[in-house]
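# Results of the structural survey
One-letter residues, chain by chain:
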Amino acid sequence: MTTEPAAGAVSQGLRRERQAELYRRAMESLPGGTNSNFRAWGEDTIYVDRGKGGTVWDMDGNEYIDLRMGYGPVILGHGDDRVDDYVNERMRKGVSFSLTSEDEIRTIELIKELTGWVQKARMTVSGTEATMHAMRVARAYTGRTKIVKFEGQYHGVHDYALISVTPNDMAELGDEENPVALAWGRGIPEAVSRTMIPARYNAMDVLRRIFERDGDDIAAIIIEPVLGNAQGIMPQPGFHEAIRALTKEFGAVLIYDEVKTGFRFARGGAAEFFGVTPDLATFAKAMGNGYPAAAFGGSEEVMSVLPDHVSHGGTYAGNRVAAAAAVKTLTILKETDALEKIHATGRRVQGGLAEVLNEKGLAHTFTGHPSMFGIFFAETAPTEYRDWATSDHDLYDAIAIGMHVRGAMPEPDSREPWFLCEAHASGDYVDRIVSIFADSLDAALEARARGKNAPPPKD
């Protein structure tokens, strides 16, 4: 997901007294001082106090326009009263029963209504669980073992997902024509790695050779419809259609990992946006506006292996809080123009950034979708994860760090997209984002000319 910024880089010019105290305290109890590797930024680790709309405040009162939005789930805005009021009302009836509530049923009905193709689905708590169960269902349905995934794509933190995710050195991924299954971190059995086959995104010739070699034992392709863990790199024309045809040819299941794109690219997610229908899909993030709601589902035929032939459960799956949040969030996305506002806001931000960059004569392209996009500093747009190495990602990272100091918070790693929410459409968010970016770009370029890191702005 992300790499740790240089020590002290993010915090220069920010108040850090309370957070430094919390960092020292957390390091006594939490590995890295956080509950996720992706939040562990060393002495720059941010300890949050609160959020409202498109803004967050840390424990020292520093204010930021939030361009991370929790890595994407906060689609409406922090502390959205419509969602929170409904959740508070429903949770007072009790939260966990290990029995099924009407909100759980309505959540799945809304997923079916919004996607138009999902026929059966079940709730889980996280995107990691959703992809894990989708892979198991695909293996059970086909009776096969192996699953193809694409380099640079992130499908959660279970063993089967942590293959060829985010190395900095592209050589570690192996030969372009025969990528290797690179485990991300220790503790993943080699036997598990051997069941996963990495492929290059947008390289259809490589993918076909993989199927011609191993097709009889390939249960599924799992794919983020865009390369969400690398700036939202988009598919080349015809790529998704070709994948759909290939999986049908070889009798494999097509799994769309819509944890990031679901209910964000369109009401029906990336499947609607690209006009391709998979067999299974996973959802999370935007479906609950930040509450821990997730699901996996698909065609009635593929999902028919449940409940009799495949194990799936979870004490907290479909708990009242998550189900209520999903019902209200999905209803808002279905019945209002929230998505249209988000998309229009993203286009306005991109337009402002483009003016700033063009004035500087900097080669750049925007990757992804207006609601979830990256800024790629190179002459040509990327088509796969390996292209990230060809961009000026050091410049991007310096700009991102400078933006923190000036009051906006993108992820300080060029691989992670900017995420926008409905609340960003209000007030002067767009103008402030563009202004902060422009000032941070100036500082980064000035620092580069001097051969130093960008300094914080003067008060």
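Given the structure is predicted, the values throughout are model-derived calculations rather than measurements.

On to the confidence of the model for the protein, then. For the protein, the mean per-residue pLDDT works out to 93, and 96% of the residues sit at or above 70. Across residues 454–459 the pLDDT falls below 50, and counting only partners more than four positions away or on other chains, this stretch makes 14 contacts in the model.

Turning to the packing of helix H12 (residues 393–406) against helix H13 (residues 429–450), a few remarks are in order. Look at H12 against H13: their axes get within 8 Å of each other, and the N-to-C directions meet at 125°. Comparing their axes, H13 and H12 come out oblique. Between H12 and H13 lies a crossing whose hand is right-handed. For the pair H12 and H13, the contacting residues are Asp394, Leu395, Ala398, Ile399, Gly402, Met403 and Arg406 in the first and Ile433, Ile436, Phe437, Asp439, Ser440, Leu441, Ala443, Ala444, Leu445 and Arg448 in the second. Each residue belonging to the contact of H12 with H13 can be placed in one class, and the counts come to 11 nonpolar, 2 polar and 4 charged.

Take the nonpolar core next. Inside soluble globular proteins, nonpolar side chains tend to come together where they are buried. Formed by 88 residues in total, the largest nonpolar core has its most connected members in Trp418 and Phe437. Ranked by residues supplied to this core, first place goes to helix H10 (residues 320–335) with 10 residues. Each residue touching Phe437, except ones within four places of it in the same chain, is listed here: Leu353, Val356, Leu357, Ile375, Ile399, Met403 and Trp418. Ile147, Met303, Leu306 and Val310 belong to the second-largest nonpolar core, a separate cluster that totals 20 residues.

Within a pair of aromatic rings, the relevant descriptors are the distance that separates the centres and the angle that separates the planes. Inspection of the entire model under this criterion finds 13 aromatic pairs. Geometrically, the ring pair formed by Phe150 and Phe239 is edge-to-face, given 6.0 Å between the ring centres and 70° between the ring planes. Of this pair, Phe150 sits in strand E5 (residues 146–150) while Phe239 sits in helix H7 (residues 239–250); the two residues are 89 residues apart in sequence, bridging distant segments of the chain. Given a relative accessible area of 0%, Phe150 falls into the buried group. An angle of 85° between the planes, with centres 5.0 Å apart, marks the rings of Phe273 and Phe274 as edge-to-face. Taking relative accessible area as the criterion, Phe273 reaches 37% and is therefore assigned partly exposed. For Phe274, a relative accessible area of 17% translates into the label buried.

Between its first and last C-alpha atoms helix H3 (residues 102–115) spans 20 Å; for 14 residues at 1.5 Å apiece the expected length is 20 Å, and the two agree. Restricting attention to buried positions, one finds in H3 the residues Asp103, Glu104, Thr107, Ile108, Leu110, Ile111, Leu114 and Thr115. Each buried residue of H3 sits inside an arc of 155° when the element is viewed along its axis, so together they form one side. Directly after H3, the chain includes Gly116, whose backbone phi takes a positive value near 80°.

Moving on: the sheet that holds strand E3 (residues 63–66). The mixed open sheet is built from 4 strands, whose spatial order is E1-E2-E3-E15. For this open sheet the edge positions go to strand E1 (48–52) and strand E15 (408–409), each flanked by a neighbour on one side alone. In this sheet, E15 lies alongside E3 in parallel orientation, the contact comprising 2 bridges. Bridging from a neighbouring strand, Asp66 pairs with Met409 of E15.

So, on to the environment of Phe296. Inspection of the secondary structure assignment puts Phe296 in strand E12 (residues 294–298). Once the C-alpha coordinates of Phe296 and Ile46 are considered, the two residues, 250 residues apart in sequence, prove to be 32 Å apart. Discounting chain neighbours no more than four positions away, the residues touching Phe296 are Ala121, Arg122, Thr124, Ala130, His133, Val137, Ala281, Thr282, Met303, Leu306 and His312.

The next point concerns the sheet that holds strand E16 (residues 418–419). Ordered by their spatial adjacency, 3 strands build an open sheet running E13-E14-E16, and the pairing between neighbours is antiparallel. Of all strands in the sheet, those with a lone pairing partner are strand E13 (365–369) and E16, marking the two edges. Both strand E14 (residues 372–376) and E16 contribute to a ladder of 2 bridges, which runs antiparallel. Following the sheet pairing, Phe373 is matched in E16 by Trp418.

Criteria and cut-off values
Residues numbered from 1 in each chain as written. Predicted model: local features only at pLDDT ≥ 70, side-chain atom pairs only at ≥ 80, totals over all residues. Heavy atoms only, no water. pLDDT = per-residue confidence, 0-100. Contact = heavy atoms within 4.5 Å. Axes fitted to C-alpha atoms, helices over the stretch in contact; angles between N-to-C directions. Helix = DSSP H or I, 4+ residues; strand = E, 2+ residues; numbered from the N terminus. Parallel < 35°, antiparallel > 145°, perpendicular 65-115°, else oblique. Left-handed = near helix turned anticlockwise from the far one by under 90°. Nonpolar A, V, L, I, M, F, W, Y, C, P; charged D, E, K, R; others polar. Core = buried A, V, L, I, M, F, W, Y, C linked by side-chain atoms within 4.5 Å. Buried < 20%, exposed > 50% of the residue type's maximum accessible area, 1.4 Å probe, protein only. Phe/Tyr/Trp six-rings, centres within 6.5 Å; stacked < 30°, edge-to-face > 60°. Expected span 1.5 Å × (residues − 1). Arc of directions from axis to C-beta. Pairing = 2+ DSSP bridges.

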